[in-house]
Amino acid sequence: MTALAAEIKKGRKFDQVLEGARMIFMRDGFEGASVDEIARAAQVSKATLYSYFPDKRLLFSEVARMECNRQADEALDVFEMDAPVEDVLREAADRVVRFFLSDFGQAVFRICVSESHRFPELGARFYESGPALLRQRLGGVLQHYVDRGELKIDDMDLAASQFGELCKSDLFVRCLCGVACDCTEADIDRVVTGAVEMFLARYRA
């Protein structure tokens, strides 16, 4: 059994470790974050940290899961489901695009792609906390507008996944390749507008 396949062990300081790791990973990224720095931020010993997470990748995957869930919950809290569908989709697209462009979002993607062939369980954890979570949460929002007769969607999983992919258009890949990460608000608005317009062109009732 690999270290990544081992069960995460929970204990009294588990949440403390996660919060310290989140702070360091969000600040320094995966590569820049040291275990010593994480332990210091969490106010625990390295031994305690390793007793919960035997591998830094496993710790990062749990922080990613926690952060993705936090952002998804936050988004659902601000969506006004009585608003026009295009307004809600714009809010959703704006949040998705900004997450994809963030240092943390880019790190999550890079780690998933680079490590999942060696550690399939790590790839599975990232998938469940990223694309699968987006598909599930967005599917619930879209279903609301299907029920209202504003959208016509036969395959909800496919439609929700397509929306996420539209939000990656241009900026995400460029930034991932290090071509241009200094995106302006106008750049982001261009991608958001294009994603919403194309999605509605296909699925508006």
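Residues numbered from 1 in each chain as written. Predicted model: local features only at pLDDT ≥ 70, side-chain atom pairs only at ≥ 80, totals over all residues. Heavy atoms only, no water.

Engineer: How should the UniProt feature "domain: HTH tetR-type" (unreviewed entry) in the chain be read in this particular structure?
Structural biologist: Sites flagged by UniProt as "domain: HTH tetR-type" (unreviewed entry) map to residues 11-71. Structurally, residues 11-71 comprises 82% helix and 0% strand, and the distance from its first C-alpha atom to its last is 25 Å. (UniProt positions renumbered as here; feature names shortened; annotations may be inferred. Helix = DSSP H or I, 4+ residues; strand = E, 2+ residues; numbered from the N terminus.)

Engineer: When you look at the nonpolar core in this model, what are you seeing that I'm missing?
Structural biologist: As a rule of thumb, soluble globular proteins bury nonpolar side chains together. Counting 67 residues, the largest nonpolar core has Phe25, Leu59, Phe60, Leu142 and Phe199 as the members making the most contacts within it. Top element by residues in this core is helix H5 (residues 85-101). It accounts for ten residues. Of the domains in this structure, domain 1 (9-54) and domain 2 (63-203) are the two that each give at least three residues to this core. Residues contacting Phe199, with those up to four places away along its chain left out, are Leu89, Leu142, Ile153, Ala159, Phe163, Leu166 and Arg204. (Core = buried A, V, L, I, M, F, W, Y, C linked by side-chain atoms within 4.5 Å. Buried < 20%, exposed > 50% of the residue type's maximum accessible area, 1.4 Å probe, protein only. Domains from an automatic or database assignment. Contact = heavy atoms within 4.5 Å.)

Engineer: Is there a simple way to explain empty space enclosed by the protein in this structure?
Structural biologist: A probe matching the size of a water molecule, rolled over the atoms, marks out where space remains unfilled. Per the counting criterion, the structure on display carries one cavity of 30 Å³ or more. Along its surface, the largest cavity is lined by Val35, Ile38, Leu49, Tyr50, Phe53, Asp55, Lys56 and Leu59. Elements with a contribution of two residues or more to the lining of the largest cavity: helix H2 (35-42), helix H3 (46-52) and helix H4 (56-78). Here the lining of the largest cavity is built from residues that sort into six nonpolar, no polar and two charged. (1 Å grid on protein atoms, 1.4 Å probe; cavity = no way out; pocket = protein on both sides within 12 Å on 5 of 7 lines; lining within 4 Å. Points joined across faces, edges and corners; volume = space filled by probe spheres on them. Nonpolar A, V, L, I, M, F, W, Y, C, P; charged D, E, K, R; others polar.)

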